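Take a look at the letters that make up each chain.
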2 protein chains.
Amino acid sequence: MNEFEIIAEIFAPLASAPGAFGLKDDAAAIPARPGFDLIVTTDQIAEGTDFFAFDTPSGIARKALRVNLSDLAAKGAAPAYYLLNLALPATVTADWLKSFAIGLRDDQEQFAIALLGGDIGSTEGPLAIGVTAFGFVPEGKMVRRNGAKQGDIVYVTGTIGDSGGGLQIRKEKPADISARDRNFLLDAYHLPKPPVAFAQAVRTLASSSVDISDGLIADLGHLAASSGVKIELDAEAIPFSEALLAFRGNGADAIILAVTAGDDYQIAFTANPATDAQIQFEASIAGITVTRIGAVTAGQGVELRHRGQIVSVPRRGYRHF
Amino acid sequence: MNEFEIIAEIFAPLASAPGAFGLKDDAAAIPARPGFDLIVTTDQIAEGTDFFAFDTPSGIARKALRVNLSDLAAKGAAPAYYLLNLALPATVTADWLKSFAIGLRDDQEQFAIALLGGDIGSTEGPLAIGVTAFGFVPEGKMVRRNGAKQGDIVYVTGTIGDSGGGLQIRKEKPADISARDRNFLLDAYHLPKPPVAFAQAVRTLASSSVDISDGLIADLGHLAASSGVKIELDAEAIPFSEALLAFRGNGADAIILAVTAGDDYQIAFTANPATDAQIQFEASIAGITVTRIGAVTAGQGVELRHRGQIVSVPRRGYRHF
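Residues numbered from 1 in each chain as written. Chains lettered and ligands numbered in written order. Predicted model: local features only at pLDDT ≥ 70, side-chain atom pairs only at ≥ 80, totals over all residues. Heavy atoms only, no water.

Asker: Is there a simple way to think about the environment of Asp219(B) in this case?
Answerer: All names here are of chain B. Mapped onto the secondary structure, Asp-219 falls in helix α7 (residues 216–227). Between the C-alpha atoms of Asp-219 and Thr-260, which are 41 residues apart in sequence, the distance is 9.4 Å. Excluding residues that lie within four positions of it along the chain, Asp-219 makes contacts with Val-210, Asp-211, Ile-212, Ser-213 and Asp-214. At 2.8 Å, the side chain of Asp-219 forms a polar contact with the backbone nitrogen of Asp-214. (Helix = DSSP H or I, 4+ residues; strand = E, 2+ residues; numbered from the N terminus. Contact = heavy atoms within 4.5 Å. Polar contact = N/O pair within 3.5 Å; in protein donor to acceptor, adjacent residues only side chain to side chain.)

Now the structure itself:
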């Protein structure tokens, strides 16, 4: 199949939005939605870092989409559209692409998002997948990183470090872990579960919010810097899965690994203590967990306390270079 | 420099739109512009195909942006914003990126477009640059590929095949060409000149329009298929630069090379014959040339006639695979 056949046969069926024009034009059109801002975010995933060549194509597709959905959720935006950019090595087959498209289709249904357009090119390097996701928020209501206030509570969704644990298992193939725990952590690495259903609660209740893709400490560091505040985290309060605790224990080293690994695609946010009960109620409705992990104070940076001691975090998060 | 320093020091100064939030957030916001559609297009360029590692960084940056601006112009859209996705090999230096950003800055000024966001990652493969460009058209007025009507005239902007000639010179280093012609063709390869100033004329006068990036015949083939018409081209009318004619002559082989090479980033469009004088007037105002190259008739496909004979075009355009 050449690129035109791939677009027409494999990807056009995913492009249900009228403004996608069935992927038959040079560009797509997004109608203005008066009273709403269009929120735009883009993230690429690469073979050898975010996935491996022999992972299931449908899983790779869903991860490519979901690493962007966590950004939309953190900003309080409801997903609407996405663009897909593929740089394909010559070894990728039509069957691989068909399976890839099935993953996209499943997540399109789950998250109410539709393919709007994209670009397919060839590469002599590893497979690279870029997604640009679009969502809507009421005008001026995007939840920024810069709104945290002294006295706010710091929250995080889901559990932290599971994806990093899965990547370690993937690379090191340790023997001393149960099949159940291994599979749980590998699943977390392969298929992020961004708290999309919690986006509206973030928009109405959070004073600031950030997607945790570079690691909890690094991303909260960005939030603290933008807001001009200090964030104090209670290491014992940070939510870890049973599988991760079974794999690594709960020592300071294990905690540092988890809070710097990145690739979680959860949300960290701050909110006024008066909204605590409502936040827990909205989380239960969204079917996710939300945990209080610290407080916003005067100062700067992120301080992690473990058993009464300030823990030094040598590497603050995932960096590409 | 790590990726956060690169973003803050090199790219944030380019992000002047309020909704870019100085590149300090997870996402950007585009305010609704009631009565207008947001037009979105995305194209990536890759080392070894669209540019080479030792090309000037500022030139590579401008090409990455301009291959998208031709799509916006073809759709009748005025440029507004762009996202930048970079996959950087470890060999790219901070100085290279600074020079790259200067190219972006220059073209931002020239084309009234601002950086809105993006993503930087590392790659073990060749440097890859993706741009997603945004423009506006009045609601429902995007110029589609599917509006060509029997009796319309077929036009093209600029000259055809120069970039392909430049790539050939780049690869084969022929000796039998003057320095002036060689430089002209190399310039056409390195720095596309999309007819952005002609976008409004396209929007008001064209019945259909397409960006010529895959080659004149291939892209008009898409337009003919979308519109359900046949396009008859007069090979002698297709505009070639003096440099390309001096390099390859005007035989059928040279013409076929030029109309299938791709990488022109000009616009082919159709219009009612009654608007011919106005089209020429608008072209002169925009400072570009527009040439009549054929007619829309009943049937399907693209037919190229040269000295009274139908020329068979074996390869209809650039394909990635």
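Asker: Any chance you could explain the sheet that holds strand β6 (residues 153–157) of chain B here in plain terms?
Answerer: Residue and element names in this part refer to chain B. Here we have seven strands laid out as an open sheet, ordered β7-β9-β6-β10-β8-β11-β12, and mixed in their pairing. Each end of this open sheet is capped by a strand with a single partner; those strands are β7 (208–212) and β12 (309–311). Across the sheet, the mean angle separating the axes of adjacent strands is 30° when strand polarity is ignored. Pairing geometry for β6 and strand β10 (residues 290–297), over five bridges, is antiparallel. Residue Tyr-155 lies in a different strand from β10, and its bridge partner there is Arg-292. (Pairing = 2+ DSSP bridges. Axes fitted to C-alpha atoms, helices over the stretch in contact; angles between N-to-C directions.)

Asker: Sorry if this is basic, but what is going on with the interface of chain B and chain A here?
Answerer: Interfaces are often sized by the accessible area lost when the parts come together. Between chain B and chain A, the contact holds 58 residues from the first and 58 residues from the second. Interface area, chain B with chain A, both sides summed: about 4700 Å², of which 53% is carbon and sulfur. Applying the counting criterion to the chain B and chain A interface returns ten salt bridges. A salt bridge links Arg145(B) to Asp25(A), with the nearest nitrogen and oxygen atoms 4.0 Å apart. Seen at the junction of chain B and chain A, the total is 26 residue pairs in polar contact (both at pLDDT 80 or more). Looking at the side of chain B that touches chain A, the elements that each hand over two or more residues are α1 (3–11), β1 (28–31), β2 (36–46), β3 (78–88), β4 (114–122), β5 (128–138), β7 and α7 of chain B. No other element matches the nine residues that β2(B) contributes to the side of chain B that touches chain A. (Buried area = accessible area lost by both parts, 1.4 Å probe. Salt bridge = Lys/Arg side-chain N within 4 Å of Asp/Glu carboxyl O.)

Asker: Honestly, the relation of the copies chain B and chain A in this entry has me stumped. Any pointers?
Answerer: Note: a rotation about an axis with an accompanying shift along it relates these two copies of the chain. Least-squares fitting of chain B to chain A yields an RMSD of 0.0 Å, with the superposition described by an axial translation of 0.0 Å and a rotation of 180°. The transformation just described matches what one would write down for a two-fold rotation axis. The C-alpha atom lying nearest the rotation axis in chain B is that of Gly125(B); the distance is 2.0 Å. (Least-squares fit on C-alpha atoms with pLDDT ≥ 70 in both.)

Asker: What should I look at first to understand the pattern of salt bridges in this one?
Answerer: Between side chains of opposite charge, a pair can form as their charged atoms come close. Counted by the stated rule, this structure contains 26 salt bridges over all chains. Across the pair Lys63(B) and Asp263(B) runs a salt bridge, and its minimum N-O distance is 3.2 Å. Residue Lys63(B) is located in helix α2 (residues 57–74), and its partner Asp263(B) is located in the loop between α9 (252–260) and β9 (266–271); the two are separated by 200 residues in the primary sequence. Its relative accessible area of 2% is what places Lys63(B) among the buried residues. What makes Asp263(B) buried here is its relative accessible area of 11%. Beyond isolated ion pairs, a larger network of salt bridges with shared partners links Asp25(A), Asp26(A), Lys75(B), Arg144(B) and Arg145(B). (Buried < 20%, exposed > 50% of the residue type's maximum accessible area, 1.4 Å probe, protein only.)

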